[in-house]
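# What the coordinates show
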Amino acid sequence: MRQKFRPIFCLFMSYFLSSCDSSQEWANLAREKYSQGNTAEALYFYDKALRANPENQSANRNLGILLAESGQAPGSSSFYLERALKKDPKDPDILLYLLEIYISQDSKTNTTRILKLFSDSWDTERYTLAKFLKDCLADRKKNSAEKKRFEENRIPYANASSRRMFEKCSGLDTSK
């Protein structure tokens, strides 16, 4: 009886293992296409990667960032970034992109949740940056000393999302 199921088991396992590998291969191809400037092809290959394995952390992360950078689909972007965040809840890049999205959507609950995740992480500099950006953009609070400190240490420029938010803060009249 066991002998009859062995070929089926082997076929199932080979399919399972090949689908696991193909998901990462699609994600790698998507990343390559994006780096070449082929955004449409990158989107296509990220979609294929996530169809093969919806839990692929790098595909969710990179697709979320790609969509966030486009500025066209904040809902979709946050969906994929939140998926990636479940696998890596301390990734500062994911947290900064989500912070930018939730501040722009005026979602105080989600903004507070993301700040809490920052505070739980090991990266205190990024936490203080995130708090500064939230205070500046969402609450319109001015903190010239913190702004000057961040200008000097260049942390806001390590991530495209934090750079955009920091530049908005720098150009914002927070005296109102």
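Residues numbered from 1 in each chain as written. Predicted model: local features only at pLDDT ≥ 70, side-chain atom pairs only at ≥ 80, totals over all residues. Heavy atoms only, no water.

### Section: the packing of aromatic side chains
- On inspection of all chains with the given rule, the structure shows 6 aromatic pairs.
- Geometrically, the ring pair formed by F79 and Y80 is edge-to-face, given 5.1 Å between the ring centres and 80° between the ring planes.
- By relative accessible area, F79 is classed as partly exposed at 45%.
- What links up through ring pairs into an aromatic cluster is the set F132, F150, Y157 and F166.
- Of note, K48 hangs over the ring of W26, and the distance from its end group to the ring centre comes to 4.6 Å.
- The ring of Y157 has R154 lying over it, and the distance from NZ or CZ to the ring centre is 4.4 Å. (Phe/Tyr/Trp six-rings, centres within 6.5 Å; stacked < 30°, edge-to-face > 60°. Buried < 20%, exposed > 50% of the residue type's maximum accessible area, 1.4 Å probe, protein only. Lys NZ or Arg CZ within 6 Å of the ring centre and 35° of its normal.)

### Notes on helix α2 (residues 39-52)
- For α2, spanning 14 residues, the distance from its first C-alpha to its last is 20 Å, which sits close to the expected 20 Å at 1.5 Å a residue.
- Of all the residues in α2, the buried ones are A42, F45, Y46, A49 and L50. Viewed along the axis of α2, the buried residues span an arc of 140°, placing them on a single side of the element. Counted as exposed and oriented over 90 degrees from the buried face of α2: A40 and R51. (Helix = DSSP H or I, 4+ residues; strand = E, 2+ residues; numbered from the N terminus. Expected span 1.5 Å × (residues − 1). Arc of directions from axis to C-beta.)

### Thoughts on the state of the cysteines
- Counted under the stated rule, the structure contains 1 disulfide.
- The disulfide that involves C136 links it to C169, with 2.3 Å between the sulfurs. On the criterion of sequence distance, the pair formed by C136 in helix α7 (residues 124-137) and C169 in helix α9 (residues 160-171) is long-range, its members being 33 residues apart.
- C169 sits in the buried class, given a relative accessible area of 5%. (Disulfide = S-S within 2.5 Å.)

### What about unusual backbone geometry?
- Phi is positive for R140, close to 60°, though the residue is something other than glycine.
- Tracing the sequence through the fold places R140 in the loop between α7 and α8 (144-153).

### Here we look at the UniProt feature "repeat: TPR" (unreviewed entry) in the protein
- As annotated in UniProt, the feature "repeat: TPR" (unreviewed entry) corresponds to residues 23-56 in the numbering used here.
- What you have in residues 23-56 is 79% helix and 0% strand, and the ends, taken at the C-alpha atoms, are 7 Å apart. (UniProt positions renumbered as here; feature names shortened; annotations may be inferred.)

### A closer look at helix α6 (residues 108-120)
- In a regular helix each residue adds 1.5 Å, so 13 residues correspond to 18 Å; α6 covers 18 Å between its end C-alpha atoms and thus fits that length.
- Here α6 has its buried residues at T111, I114, L115 and F118. Buried residues in α6, looked at end-on, bunch into an arc of 100°, giving them a common side.
- Each element contacted by the buried residues of α6 is listed here: α4 (74-87), α5 (92-104) and α7. (Contact = heavy atoms within 4.5 Å.)

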